[in-house]
Amino acid sequence: MTARSAAGQPVGAARGAPGDRRRESRSKRASRPAPADSAALTSDAMRAALVASEPRAAADLGAIRIVRAPGRVNLIGEHTDYNLGLVLPAAIDLEIRIAFVPTDDRRVELVSSATGDRARFDLDAIGPRRRAWIDYVAGTAWALAEAGIAMRGLRGILVSSLPTASGLSSSAALELAAAWALADTPGGNIPPLSLARICQRAENAYVGVNCGLMDQFASACGVTGDAVLLDCRSLEFRPVALPLATHCLVVIHTGSTRSLTTSQYNLRRAQCEAAAAALAAENPAIESLRDVTPAMLPRVRALVGDAEFRRCRHVVSENGRVAETIDALAAGDLDAVGRLWAASHASLRDDFEVVSPELDALVEIATTVPGVAAARMTGAGFGGCTINLVARDAVDALRDAVAAEYPTRTGLAPRVYVVDAVAGAGFLAG
Ligand code: ADP
Ligand code: MG
């Protein structure tokens, strides 16, 4: 059954339900690449699109290669990565794919099929950022060069089923897809975690976004059917089994534009660093908020302002909730997972202050649906998506509840994605 929103637009099955996009403003449509239908990401469709876009370069069909890089949904551990804490993302089957032909001319030329926009740069003269989407590709080339990884030029076309700027890490997926396409040997012949760190460097130092490692890690190191726990201090990681025989992961997009994201993100980061620095002045063993225990919180309250204290309390308590979620999943205790995700959402709302009213509405609605085991906002916040762990036979009821209540409460069209956990970036098989 496909649920209908108040305006009669489908909110079900949506691999980027086109009806929802029609409701977006003109300026939003113009500034954002719209996700493609999954049919556009098949090998045949991508080869045909590349041939149409690059008839000469792609004349030899056998020379065409396709790389894929998944987006990710974070199950718990929000704003902990840059504080060297714990995160639990899963790579998801909403992806960026690049079909390309390698060339010997050192020129990288890509078309984003969503906009038809063609962009290019020279591997030997990458130059400064242009403040455009190609920066994520050029920045990846810059960081790969810095790491001494050999690259080749290419002519390619980029297709994506991943909503952008929605907290599902389209930027990291673009970097990982670019890294796999650009490197002369598969994945640069280095471990996926190393490739993730190179892509993070691209986003930090070239694009100018001071993100932590989680997004690139998840896109690089995803495991089919599992979430992946990353300790952002030791960089140890391991797969974590999900109860997917009985439940599924449901991502719900608020349909709202993220606003003030970069400045607010940077402010939160600075507040976390200020709290850690105040403690470090007294105790040099403290290098980041990862080293702060719940027992130290009263001292933090005495040392820093109220906002810094609450940011710190969120990070410290969130690391505890990640560890407890791992235990609860291992024990099959989904009631506990539900309580932990609810506490994470409340902490992000009250202490970290990144939850928009739309995210709150989606979580509130989901919480009323029997069979929704756990629901919370996911990603950096200020708009974007929620993540829901839902009994398989309750997905339609969740869709119906969201369709019935969310548009009237917010005036926005939600998009519902039932996602699978998939493997990290690489060449597309077949
Ligand atoms: P998120 O990573 O949460 O999706 P970001 O703001 O970090 O959001 O990254 C979004 C940016 O990534 C877009 O503004 C665009 O520059 C780039 N991008 C993502 N997907 C595509 C795409 N399919 N085509 C072109 N650029 C893309
Ligand atoms: Mg991003």
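Worth saying up front: this structure is predicted, and the values here are computed from it rather than measured.

(A) A look at the overall build of the protein. From N to C terminus, the protein includes 13 helices and 13 strands. Taken over C-alpha atoms, the radius of gyration comes to 21 Å for the protein, in line with the 22 Å a tight globule of 430 residues would show. Seen through its C-alpha atoms, the protein measures out along the principal axes to roughly 65 × 55 × 40 Å. A buried classification covers 52% of the 430 residues belonging to the protein. Across the protein, contacts joining residues at least 24 apart in sequence account for 72% of those joining residues at least 6 apart.

(B) View of the sheet that holds strand 10 (residues 372-378). Ordered by their spatial adjacency, four strands build an open sheet running 10-11-9-12, and the pairing between neighbours is antiparallel. Taken across any chain shown, the strands that pair with only one partner, and hence form the sheet edges, are strand 10 and strand 12 (415-419). The average undirected angle you get between the axes of adjacent strands in this sheet is 20 degrees. Bridge analysis of strand 9 (residues 247-253) against strand 12 gives five bridges, and the strand direction is antiparallel. Bridge pairing links V250 to V418 in strand 12. Across the sheet, helix 12 (residues 357-367) touches strand 9, strand 10 and strand 11 (385-391), and the angle it forms with strand 10 is around 175 degrees. Sitting on the sheet, helix 13 (residues 395-410) touches strand 9, strand 10, strand 11 and strand 12, and the angle it makes with strand 9 is about 15 degrees.

(C) Here's a closer look at the nonpolar core. Counting residues in hydrophobic clusters, the biggest one holds 118 residues, and the most contacted among them are L176, A177 and A179. Per-element accounting of this core gives the leading share, ten residues, to helix 5 (residues 170-182). The residues touching A177, leaving out its near neighbours within four places in the chain, are V67, R68, A69, I96, R97, I98 and A425.

(D) Molecular detail of unusual backbone geometry. Phi at A165 is positive, roughly 50 degrees, even though this residue is not glycine. Here the phi dihedral of S169 falls at roughly 65 degrees; this positive angle occurs in a residue that is not glycine. Topologically, S169 is positioned in the loop between strand 6 (153-160) and helix 5. According to the C-beta neighbour criterion, S169 is buried, with 32 such atoms within 10 Å.

(E) Inspection of the environment of P370 at higher detail. Structurally, P370 is set in the loop between helix 12 and strand 10. Distance in space between the C-alpha atoms of P370 and V390 is 9.1 Å, their sequence separation being 20 residues.

Cut-off values and rules
- Residues numbered from 1 in each chain as written.
- Chains lettered and ligands numbered in written order.
- Predicted model: local features only at pLDDT ≥ 70, side-chain atom pairs only at ≥ 80, totals over all residues.
- Helix = DSSP H or I, 4+ residues; strand = E, 2+ residues; numbered from the N terminus.
- Rg over C-alpha atoms; globule rule 2.2 N^0.38 Å.
- Buried ≥ 20, exposed ≤ 12 C-beta atoms within 10 Å, placed from the backbone.
- Contact = placed C-beta atoms within 7 Å.
- Pairing = 2+ DSSP bridges.
- Axes fitted to C-alpha atoms, helices over the stretch in contact; angles between N-to-C directions.
- Core = buried A, V, L, I, M, F, W, Y, C linked by C-beta atoms within 7 Å.

Scope: geometric values only; no functional claims are made or implied.
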